[in-house]
Structure formats: structure tokens, C-alpha cells
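Descriptive structure summary
Given next are the chains, with one letter for each unit.
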Amino acid sequence: MISRFIEQEKALAQVLEDKKVRHLISTWQDMEILESTDKALSPLMEFTDALSGEKYVIVSYVKPVLHLFKHEILKSQDDESPLTRTIKEGILNYLNDKYDDDTTTEKLLDMATLLDPRFKTAYIKEERIDFMKTRAAAEMEHLVAGGETAAPAVSIPPPSAVPAAAADESELPAAKKAKKSLSSYFKKPAAPTGQGTSKPSRASIELELNMYLQTADLDAEKEPLVWWRQHEVNFPLVAKLAKKYLCIPATSSPSGSSVLVGTKLHVRDHVSSLNELTSLSSYLSTCETRETKRKKSLFSRV
């Protein structure tokens, strides 16, 4: 909105040339404040729209975006006004208080970044990498333990349900013993139900996590969910943890973004150029002149 106002400054000044509203014309001090504010805030608008997406992973972008803000986007420049620098410093201080000082939020964002094949440990503080790897291994171990199912209970019929013929089986002649084949001597007994697969050890979980971290980083333009669908077979335990974290939304602002887009379209449709504003001014002046003439005509009749 500020950028739009700056673009249409001359047009708005022409519209407000009337004596009754001339005091609303922006002064050079007003324009200096608006330009400084716009210079600090306009680069952030694209990130706000991007982080409001609903069709791609965004939670793992928070740490990289914060790093980009601190070292590039919100870094003070020599040619900036004092107001622009003050606004940038205020934004950075707010972000630091919100994300760096909140332990729970930082753990969540570090875990999401770790499980994104585009970033992994690139944006995690060096002193926290081992801690996050240990935490990830512990969570995978917990997921595996929670995913185990108990063996189905075997129903035993009551004695009354046993057929009478079964009670006389001991009196029947023994059946002819089948001849064993050579391969039957090497056949292993079947494992009991529910124990066919052994529980992964902590060492195997950590090995799988380290193998994942050693894979080549995914291109930043690629979709991590597609990568996980292709590599879930190779890293099944890490994939379970990725499903848990990468589905978390990073922001709750899609509705606000929609309102902003609607406002932009509304403004564009109605006051998109200098000619339209000038025409609007002329139209209002014509209406005012007609109204004045009409009143004079009424008074002259009286």
C-alpha cells in the first residue's frame, strides 16, 4: 500500500488541489518517512506471500529465511536513512526474541530443517547439531516402539465345544508316518506371530540417520516430499519422522494474504493510472459546479 501511494503521489496531489482538501497533500517530510518505511518493508512482502503457501513444505524454510534476513535482506546499508536502519533493527530484534529465545520453537524448526534434504544441518547452529541428531534418533526409536502391534490373541474353545469324536482319537489306529524329504531337515521353524521382525537397535537408527545426512543435498527448487517418496525405501525410519514434521504450516496468514491480493486488485481496477485520477478530479469538479448552479437557481426562484 505504501509503494502504491508513493507511485501515485503526483496523481493524488492533483486530485487534492481543491482548497477544501489541499491540507491533505503530503509534505516532503511525509514522503521521506514513507520512502524510508517502504525501503525497509517492501523486500519482506515477497517472503510473507511465499511463507503463506499451502501446497508445498514451508516450515523447513523458516530457519533459512531467518538467516537470509540477518545477513542480507535486513542488513544495514551505508546509503540508507536512519529511519530505515531503525526499522530493520527493530524487526531483527523482534525475530531474535521470537525464535532464538524460544527453546521449544527452535527445537521444532531445527528438526524440520534437519529432515529437509535441501538443508539438513546447513542452518543449524554448530553446537546444536549433535544434540539434534540425538533427539532425532530418540524420536525415531519412540516412533518404532509406538508402531509395534501386539500379537493377536488365540481363542481356545471351551471343553464343551470339543467334538465327541475328538475324545476317541486316542483309540484310533495311528496314521502312517510320512516320509521326510532331504530339504525338510534344513527348514527353519516359523517365527511366532508378531515377532517376525526384530526391533531396530539404537545403533541401526543412528546409522540410518547418518547415512541420510551424508547424501547429496537436494536442489533448492526441488520438492522435498517427492524426494522422500523416492527414498523412503532407503531411509524408512527417517521418512516416518519427516512425515511428522514437514507437514506443519509455518504461518497462519493465507487468509490475510487473500485479503491483501483482493485489495490490490480493487485499487488497480479503480485508480490504476494518472489519467483515471485526473478524470476523477474533473468529474468531481463538474458535479460540484452543477450542484452549485442548481442551488443558485433555487434561491433565485425564492
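The structure this text deals with has already been given above.
Residues numbered from 1 in each chain as written. Predicted model: local features only at pLDDT ≥ 70, side-chain atom pairs only at ≥ 80, totals over all residues. Heavy atoms only, no water.

1. Observations regarding the side chain of Thr 113
Looking at where Thr 113 falls in the secondary structure, it is placed in helix α6 (residues 103-114). You can call Thr 113 buried: its relative accessible area is 0%. What Thr 113 contacts, discounting residues up to four positions off in sequence, is Ser 60, Lys 63, Phe 119, Lys 120 and Tyr 123. (Helix = DSSP H or I, 4+ residues; strand = E, 2+ residues; numbered from the N terminus. Buried < 20%, exposed > 50% of the residue type's maximum accessible area, 1.4 Å probe, protein only. Contact = heavy atoms within 4.5 Å.)

2. What about the nonpolar core?
Counting 26 residues, the largest nonpolar core has Met 111, Tyr 212, Trp 228 and Val 238 as its most contacted members. The contact partners of Tyr 212, leaving out residues within four places of it in the chain, are Leu 114, Leu 115, Asp 116, Pro 117, Lys 120, Trp 227, Trp 228, Phe 235 and Val 238. Judged by nonpolar contacts, the second largest core, of 13 residues, contains Leu 44, Ile 91, Tyr 99 and Leu 109. (Core = buried A, V, L, I, M, F, W, Y, C linked by side-chain atoms within 4.5 Å.)

3. A few points about the pattern of salt bridges
Two side chains of opposite charge can pair, provided their charged atoms sit close to one another. The tally for this structure, following the rule as stated, stands at 12 salt bridges. Between Glu 80 and Lys 88 there is a salt bridge; the shortest N-O distance is 2.4 Å. Residue class for Lys 88 comes out buried when judged on its relative accessible area of 5%. Among the salt bridges present, the one from Arg 128 reaches Asp 110, with a minimum N-O distance of 2.9 Å. Taken together, the residues span a long stretch of sequence, with Arg 128 in the loop between α6 and α7 (129-147) and Asp 110 in helix α6 at a distance of 18 residues. The same class applies to Arg 128 and to Asp 110, which are both buried. (Salt bridge = Lys/Arg side-chain N within 4 Å of Asp/Glu carboxyl O.)

4. Observations regarding unusual backbone geometry
Even without being glycine, Lys 120 reaches a positive phi, approximately 55 degrees. Relative to the helices and strands, Lys 120 is located in the loop between α6 and α7.

5. Details of the packing of helix α3 (residues 28-50) against helix α5 (residues 82-100)
It is at 8 Å that the axes of α3 and α5 come closest, and there the two elements cross at 35 degrees. Considering the relative orientation of α3 and α5, their crossing is right-handed. In contact with Ile 33, Ser 36, Thr 37, Lys 39, Ala 40, Leu 41 and Leu 44 of α3, α5 contributes Leu 83, Thr 84, Ile 87, Lys 88 and Ile 91. A breakdown of the residues in the contact of α3 with α5 according to their chemical character gives seven nonpolar, three polar and two charged. (Axes fitted to C-alpha atoms, helices over the stretch in contact; angles between N-to-C directions. Left-handed = near helix turned anticlockwise from the far one by under 90°. Nonpolar A, V, L, I, M, F, W, Y, C, P; charged D, E, K, R; others polar.)

6. Some words on the packing of helix α4 (residues 62-73) against α5
As a packed pair, α4 and α5 sit with axes 11 Å apart at the nearest point and diverge in direction by 150 degrees. Here α4 is positioned roughly antiparallel relative to α5, judged by the angle of their axes. Relative to α5, α4 is oriented so that their crossing is left-handed. Of the residues in α5, those touching α4 at Val 62, Leu 66, Phe 69, Lys 70 and Ile 73 are Lys 88, Leu 92, Leu 95, Asn 96, Tyr 99 and Asp 100. (Parallel < 35°, antiparallel > 145°, perpendicular 65-115°, else oblique.)

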